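Fold and contact review
One-letter residues, chain by chain:
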Amino acid sequence: QVQLVESGGGLVQAGGSLRLSCAASGSIFKINVMGWYRQAPGKQRELVARIFSGGSTNYADSVKGRFTISRDNAKNTVNLQMNSLKPEDTAVYYCAGDLLIVMATIPARHWGQGTQVTVSS
């Protein structure tokens, strides 16, 4: 019923930039929070950044000042602008939406399929 589709991953040299995009579609009534998580090999999935429907944001300490999250509530999209990338940013990046689907009473988290970001040194 709900799909989150990411795009924009790829290979970039250290110091470079990438922009990730995610579009949510389906029987969505309301999206409370949209965010980006990442998982590097052998590590747990971690929050990178999230943005609430009112516009407030949270960032992981490791990306503050380098990454910027934004969203378009009308289009149900979220973007992550990543600048000054470092090799340690290499991971699979997942889009997540805490949303309420039509006819549901409790919001749930939905995930995208993930997109690979590789930063070479």
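Our subject is the structure listed above.
Below: a short report on this structure. (Residues numbered from 1 in each chain as written. Predicted model: local features only at pLDDT ≥ 70, side-chain atom pairs only at ≥ 80, totals over all residues. Heavy atoms only, no water.)

Another point: the overall build of the protein. Along its length, the protein carries zero helices and eleven strands. Sequence-ordered secondary structure for the protein, helices as α and strands as β, is β-β-β-β-β-β-β-β-β-β-β. Principal-axis analysis of the C-alpha atoms gives the protein an extent of 50 × 25 × 20 Å. Within the protein, buried positions represent 40% of all 121 residues. For the protein, the share of sequence-separated contacts (at least 6 apart) that also reach a separation of at least 24 residues comes to 57%. In the form shown here, the protein has an accessible surface area of approximately 6,400 Å², with 50% of it arising from carbon and sulfur atoms. Both charge centroids of the protein, one from 12 positive and one from 7 negative side chains, sit 3 Å from each other. (Helix = DSSP H or I, 4+ residues; strand = E, 2+ residues; numbered from the N terminus. Buried < 20%, exposed > 50% of the residue type's maximum accessible area, 1.4 Å probe, protein only. Contact = heavy atoms within 4.5 Å. Areas by Shrake-Rupley, 256 points an atom, 1.4 Å probe, with all protein chains shown as cover. Lys, Arg positive; Asp, Glu negative; His and termini not counted. Charge placed at Lys NZ, Arg CZ, Asp CG, Glu CD.)

The next thing to look at is the state of the cysteines. Evaluation of the coordinates by the stated rule reveals one disulfide. Each sulfur in the disulfide pair cysteine 22 and cysteine 95 lies 2.1 Å from the other. Taking the sign of the torsion about the S-S bond as the criterion, the disulfide between cysteine 22 and cysteine 95, at about -80°, is left-handed. Pair noted here: cysteine 22 is in strand β3 (residues 18–26) and cysteine 95 is in strand β9 (residues 91–101), with a separation of 73 residues, a long-range link. Considered together, cysteine 22 and cysteine 95 belong to a single accessibility category, that of buried residues. (Disulfide = S-S within 2.5 Å.)

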